[in-house]
Amino acid sequence: MPPPESTATAAPTLAPRGLAATCVRQVKRELAIARRRGSEWINPLLFQALVIVLFPLGISPEPALLATLAPGLLWVTALLAVLLSLDALFRSDFDDGSLEQMLLSPQPLPALCLAKTFAHWLLTGVPMALIAPLLGLLLSLPAAGVATLMAALLLGSATFSLIGAVGAALTVSLPRGGVLLSLLILPFYIPVLIFGAGAVNAAIAGDPVTAPMALLGAMLALAIAGAPFAIAGALRISVDG
Amino acid sequence: MRGKQIGMWKLIHKLGSPKWCYQLCGRLQPVFWIAAAALLAVGAVWSLAFSPPDYQMGDSYRIIYVHVPAAILAQSVFLAMTFASVVFLVWKIKLADMAASVMAPFGAAMTLLGLFSGAVWGIPTWGTWWTWDARLTSMLIQLFIYIGIIALRGAFSRPEQGAKAVAVLTLVGVVNIPIIKYSVSWWNTLHQPATFTLTERPAMPESMWMPLLLMVLGFYCFFTALTLYRLRSEILKRESRTRWVQEAVK
């Protein structure tokens, strides 16, 4: 006996999607949301630019002094800007229930978390690396350090996004998790900051940058391998309790 | 083989039962209190009065008898918390979480004591309270991780949700332990290398490291005794609705 035709048409047919296709859709979705709510990813960048402006005014506009501080200041402000953007990472998805849908998806959750974090990096780390030369100009960063700064920021900000996503996932169910999130995450950002600023300083001094860049890459590799599982576990805890 | 396996499971289930653990802790507790008191008393008198002064640092080196045990405990407590967190996340044994929760403040206190005694020692030997040395910085990060763990637990209104979140954060935080351990070997630092290693004899004469060993063991016994004591109160608090607790405290 053939199955009744009505059931076949009534239920919307959900063609099973592959893992790669789902991840691509996840990234596209995040980018579409970012396009519609521009302030969410532009504001952290503006914040970074504004904080950079504060230093010449607050310390001294002396170019030689600013040049020595520039690598560290650019890294610290980038770190703070990422920190500001993290609270929104899962917040709206948690509030409107799409996070639950993500948890119910048949695809492995760590992979989806990795895709979501990748989108976050595209929207914070990459623009940050792109505007870094401009901000460096404001701080009279020596030209020898610019290329290394951009490359190091690209690597380091990806680690920031991955570690930060763990903290954001742990605190997403808390009503006022923002300050706690910074308290949890900042200690883990310190190694990236040390080697990121170290790479730029080495480039300015004319030393080889291979060692700090390799360490930044190693930290990113470790974060890619471990963080998605921690994010997935933390999300399940935050949603299911 | 199969019988042995069942026996092991029985033991794990027994260990996971708060009532049984409460009684076991009560029986073990006096042993560790006595051992801690004896070791710390002998170690303190020996190290302060009888061990010889250092030929360079004079008597100021005696801070080592507090500094090294505190620093070792700061890391051991974190490893114990990591172990407890794994047990809690994998086997859902609530007792493991109770143990992790009572250990965290002690670990933070030991980290602070290690940093403080190091700063006090820094003045006569290095001429400064603080330097941004790899070992000091990684210990400071450790302190912030401890504080983060304690703060995260307090932030949740549902304790069982907070327990799981803390377990995940502890597993993430353990990456800092190897950094602390090897910071003195990877970087060329002001801080001296490890005092005790399993493979080599200490660089100090026996009259100096023997009391130090007693102090380290004493700190471990004190930590164990205190954990057993606090675990008992935690069990009573969390199981306060069960009949056996109400009968026990009556």
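Colleague: Provide a residue-level description of the overall build of chain A, including the pertinent values.
Modeller: The helix and strand inventory of chain A stands at 10 helices and 0 strands. Sequence-ordered secondary structure for chain A, helices as α and strands as β, is α-α-α-α-α-α-α-α-α-α. In terms of principal-axis extent, the alpha carbons of chain A reach across some 85 × 35 × 30 Å. A total of 241 residues make up chain A; the buried ones form 42% of that total. In chain A, 82% of the contacts between residues at least 6 apart in sequence involve partners at least 24 apart.

Colleague: Tell me about the overall build of chain B, and please be specific about residues and values.
Modeller: Each helix and strand in chain B was counted, giving 9 helices and 0 strands. When the helices and strands of chain B are listed from N to C terminus, the series reads α-α-α-α-α-α-α-α-α. Expressed as lengths along the three principal axes of its C-alpha atoms, the size of chain B is roughly 60 × 45 × 35 Å. Out of the 250 residues belonging to chain B, those deemed buried represent 36%. Taking the contacts inside chain B whose residues are at least 6 apart along the sequence as the reference set, 77% of them involve residues at least 24 apart.

Colleague: So what's going on with the nonpolar core? Residues and values would help.
Modeller: Counting residues in each nonpolar core, the largest one holds 126 residues, and the members touching the most others are Val166(A), Ala169(A), Ile231(A) and Ala234(A). In terms of residue count, helix H3 (residues 64-91) of chain B provides more of this core than any other element does, 14 residues in total.

Colleague: Quick rundown of the packing of H3(B) against helix H6 (residues 159-173) of chain B? Include the residues and the values.
Modeller: Residue and element names in this part refer to chain B. Contact geometry of H3 with H6 gives a least axis separation of 9 Å together with a crossing angle of 130 degrees. Of the possible angle classes, the one that applies to H3 and H6 is oblique. In this structure, the crossing between H3 and H6 has a hand that is left-handed. Taking contact as the criterion, the partners of Met 81, Thr 82, Ser 85, Phe 88 and Leu 89 in H3 are, on H6, Ala 163, Ala 167, Thr 170 and Leu 171. Of the residues in the contact of H3 with H6, the class split is 6 nonpolar, 3 polar and no charged.

Colleague: Lay out the interface of chain B and chain A in plain terms, naming residues and giving numbers.
Modeller: Listed as interface residues are 16 residues of chain B and, on the opposing side, 13 residues of chain A. Looking at the side of chain B that touches chain A, the elements with two or more residues in it are helix H5 (134-155) and H6 of chain B. Residue composition of the side of chain B that touches chain A, by class: 11 nonpolar, 2 polar and 3 charged.

Colleague: Summarise unusual backbone geometry; cite the residues concerned and give the values.
Modeller: Positive phi, normally seen in glycine, also occurs at Ser140(A), with a value near 45 degrees. Considering the arrangement of structural elements, one finds Ser140(A) in the loop between helix H7 (125-138) and helix H8 (146-171). Unlike most non-glycine residues, Lys92(B) shows phi in positive territory, near 55 degrees. With respect to the secondary-structure elements, Lys92(B) resides in the loop between H3 and helix H4 (94-125).

Colleague: So what about the environment of Leu134(A)? Which residues, and what values?
Modeller: As for its placement among the helices and strands, Leu134(A) is situated in helix H7. Residue classification places Leu134(A) among the exposed positions, given that 10 C-beta atoms sit within 10 Å.

Colleague: An account of the confidence of the model for chain B is requested, with residue identities and associated values reported.
Modeller: Residues and elements named next belong to chain B. Per-residue confidence for chain B gives a mean pLDDT of 88; residues scoring 70 or more make up 96%. When the elements of chain B are averaged for pLDDT, helix H1 (residues 2-16) gives the smallest value, 70, and H3 the largest, 94. Complex prediction metrics read pTM 0.87 and ipTM 0.82.

Colleague: How would you explain the packing of H8(A) against helix H9 (residues 178-205) of chain A if you had to name every residue and give the values?
Modeller: Residue and element names in this part refer to chain A. With their axes 9 Å apart at the nearest point, H8 and H9 run at an angle of 170 degrees to one another. When the interaxial angle is binned, H8 and H9 end up roughly antiparallel. Listed contacts from H9 to Thr 148, Leu 149, Ala 152, Gly 156, Thr 159, Phe 160, Ile 163, Gly 164, Gly 167, Ala 168, Leu 170 and Thr 171 of H8 are Leu 180, Leu 181, Leu 184, Ile 185, Phe 188, Tyr 189, Val 192, Gly 196, Ala 199, Val 200 and Ala 203. Split into classes, the residues belonging to the contact of H8 with H9 amount to 16 nonpolar, 7 polar and no charged.

Colleague: Before we move on, can you summarise the confidence of the model for chain A with the specific residues and values?
Modeller: Detail in the predicted coordinates should be disregarded across regions flagged by low pLDDT. Mean pLDDT over chain A: 90, with 93% of residues reaching 70 or higher. At the level of individual helices and strands, chain A shows its lowest average pLDDT in helix H1 (residues 5-10) of chain A, which scores 46, and its highest in H8(A), which scores 96.

Colleague: If you had to explain helix H6 (residues 109-123) of chain A to someone new, which residues and values would you point to?
Modeller: If you check H6(A), its first and last C-alpha atoms are 21 Å apart, about what 15 residues at 1.5 Å a residue would give, namely 21 Å. All buried positions along H6(A) are accounted for by Leu112(A), Cys113(A), Leu114(A), Ala115(A), Lys116(A), Thr117(A), Ala119(A), His120(A), Trp121(A) and Leu123(A).

Colleague: Describe the environment of Ala80(B), listing the residues and the values that go with them.
Modeller: Residues and elements named next belong to chain B. Mapped onto the elements, Ala 80 comes out in helix H3. For Ala 80, a count of 19 C-beta atoms within 10 Å translates into the label partly exposed. Spatially, the C-alpha atoms of Ala 80 and Gly 107 are 9.9 Å apart, while their sequence positions differ by 27 residues.

The rules behind these values
- Residues numbered from 1 in each chain as written.
- Chains lettered and ligands numbered in written order.
- Predicted model: local features only at pLDDT ≥ 70, side-chain atom pairs only at ≥ 80, totals over all residues.
- Helix = DSSP H or I, 4+ residues; strand = E, 2+ residues; numbered from the N terminus.
- Buried ≥ 20, exposed ≤ 12 C-beta atoms within 10 Å, placed from the backbone.
- Contact = placed C-beta atoms within 7 Å.
- Core = buried A, V, L, I, M, F, W, Y, C linked by C-beta atoms within 7 Å.
- Axes fitted to C-alpha atoms, helices over the stretch in contact; angles between N-to-C directions.
- Parallel < 35°, antiparallel > 145°, perpendicular 65-115°, else oblique.
- Left-handed = near helix turned anticlockwise from the far one by under 90°.
- Nonpolar A, V, L, I, M, F, W, Y, C, P; charged D, E, K, R; others polar.
- pLDDT = per-residue confidence, 0-100.
- Expected span 1.5 Å × (residues − 1).

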